[in-house]
Amino acid sequence: MNTPPHGDIRIGPRAIASVVKRAIAAVDGCAGLVPSPKALVVRETGSGLMVEIETLIIYGAPIEATARLLSMRVRAALEQAIGQPIADVRVYVQGLRHP
């Protein structure tokens, strides 16, 4: 048998969501996820996890630069936390929040 020495380890969606939310909170200019159950979607693909994030940006922050930084931070946080490849992180800016 090809059983891993420590058994089968699976990382649940709530654990992944916690890592993503913490990474989002650390990005200056990001106001967080939109208040929707579909604001964070994680799917398994053949090349790794795909993450879709619907977010709000703080008014006055550079939208494109903030979204790119958000994508990079989420990818790095997930790769470090779960040790699996991240196929894609897609950030959808759904609006601006006034400070």
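Residues numbered from 1 in each chain as written. Predicted model: local features only at pLDDT ≥ 70, side-chain atom pairs only at ≥ 80, totals over all residues. Heavy atoms only, no water.

**Q** I tried to follow the layout of surface pockets on my own but got confused; where do I start?
**A** Take a probe with the size of a water molecule and roll it over the atoms, and the empty space left behind shows itself. Taken as a whole, the largest pocket encloses approximately 240 Å³ of empty space. Together, Ile-9, Arg-10, Ile-11, Gly-12, Pro-13, Ile-16, Val-42, Arg-43, Glu-44, Leu-49, Ile-82 and Gln-84 line the largest pocket. (1 Å grid on protein atoms, 1.4 Å probe; cavity = no way out; pocket = protein on both sides within 12 Å on 5 of 7 lines; lining within 4 Å. Points joined across faces, edges and corners; volume = space filled by probe spheres on them.)

**Q** Teacher, can you tell me more about the side chain of Ser-71 here?
**A** By secondary structure assignment, the location of Ser-71 is in helix H2 (residues 63-82). With sequence-adjacent residues up to four places away left out, Ser-71 is seen in contact with Val-89 and Val-91. (Helix = DSSP H or I, 4+ residues; strand = E, 2+ residues; numbered from the N terminus. Contact = heavy atoms within 4.5 Å.)

**Q** Would you explain the nonpolar core in this entry?
**A** A general tendency of soluble globular proteins is for nonpolar side chains to be buried together. In this structure, Val-20, Ile-24, Val-51, Ile-53, Val-74 and Leu-78 are the most contacted members of the largest nonpolar core, which totals 17 residues. For this core, the secondary structure elements donating two or more residues are helix H1 (13-25), strand S3 (48-58), H2 and strand S4 (86-97). Top contributing element to this core by residue count: H1, with 5 residues. Beyond its immediate sequence surroundings of up to four residues, Ile-24 is in contact with Cys-30, Gly-32, Leu-33, Ile-53, Leu-70 and Val-74. (Core = buried A, V, L, I, M, F, W, Y, C linked by side-chain atoms within 4.5 Å. Buried < 20%, exposed > 50% of the residue type's maximum accessible area, 1.4 Å probe, protein only.)

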